Amino acid sequence: MIRKFEMKDTKRVMQIWLEANLEAHDFVSGDYWCSQYQTVQEQLSAADIYVYEQDNEIQGFLGMMDNYLAGIFVDKKYRSMGIGKGLLDYVKKIYPAFSLNVYQKNQRAVDFYLRENLTIVSTGVDEDTAEADYTVVWKK
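Residues numbered from 1 in each chain as written. Predicted model: local features only at pLDDT ≥ 70, side-chain atom pairs only at ≥ 80, totals over all residues. Heavy atoms only, no water.

Colleague: Looking at this structure, how should I read the environment of E127?
Modeller: Assignment of secondary structure puts E127 in the loop between β6 (119-125) and β7 (132-139). For E127, a relative accessible area of 78% translates into the label exposed. E127 sits 61 residues away from D66 along the chain, and the two C-alpha atoms are 21 Å apart. (Helix = DSSP H or I, 4+ residues; strand = E, 2+ residues; numbered from the N terminus. Buried < 20%, exposed > 50% of the residue type's maximum accessible area, 1.4 Å probe, protein only.)

Colleague: I'm lost on the pattern of salt bridges in this one. Help?
Modeller: Opposite charge on two side chains lets them pair, provided their charged atoms get close. By the definition in use, this model includes 13 salt bridges. For the salt bridge of E57 with K77, the shortest nitrogen-to-oxygen distance reads 3.7 Å. Here E57, found in strand β3 (residues 57-65), pairs with K77, found in the loop between β4 (68-74) and α3 (83-94); they are 20 residues apart in sequence, far enough to count as distant. Between K105 and E131 there is a salt bridge, with the nearest N and O atoms lying 3.3 Å from each other. Here K105 is found in the loop between β5 (97-103) and α4 (107-115), whereas its partner E131 is found in the loop between β6 and β7, with 26 residues between them in sequence. (Salt bridge = Lys/Arg side-chain N within 4 Å of Asp/Glu carboxyl O.)

Colleague: Just checking my understanding: could you explain the side chain of D9 for this structure?
Modeller: Within the secondary structure layout, D9 lies in the loop between β1 (2-4) and α1 (10-24). For D9, a relative accessible area of 3% puts it in the buried group. With residues up to four places along the chain from it excluded, the contact list for D9 reads R3, K4, V51 and I58. (Contact = heavy atoms within 4.5 Å.)

Colleague: Please explain the environment of A70 as it appears in this structure.
Modeller: Note on placement: A70 falls in strand β4. A relative accessible area of 48% means that A70 is categorised as partly exposed. Separated by 30 residues in the primary sequence, A70 and L100 place their C-alpha atoms 6.5 Å from one another. Not counting residues up to four positions away in its chain, the partners in contact with A70 are G63 and M65.

In short, shape yes, function no, at least from these values alone.
Next comes the structure, spelled out in structure tokens:
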């Protein structure tokens, strides 16, 4: 089931966020992700967060900031089970268009977005990490 984030979800969502970033972005220092933890936690209340929950366990979530997809994060145990696609499909029904940035080295994510009919519109460099990224868009 996909539902809106509630404050009681914070600990689990942040656990998934940190573990997923450390694993998927191992080309970025782990210290960087740890240093961002508090800031991201504070931003949860300003974002539209949708959690995927099954059997009373949050297995993944997606965050939107206006028309910007801040990220899709799925617990390692539940990846490749359609959770990320389900979350993405859910926001496609709500938002007529959105954009996101994805690291070029995160090939699994790049492939996922392309497979889900999103389009790379430009390349750039993330200012915080100095890593190359793509700007990707989706429009109905």
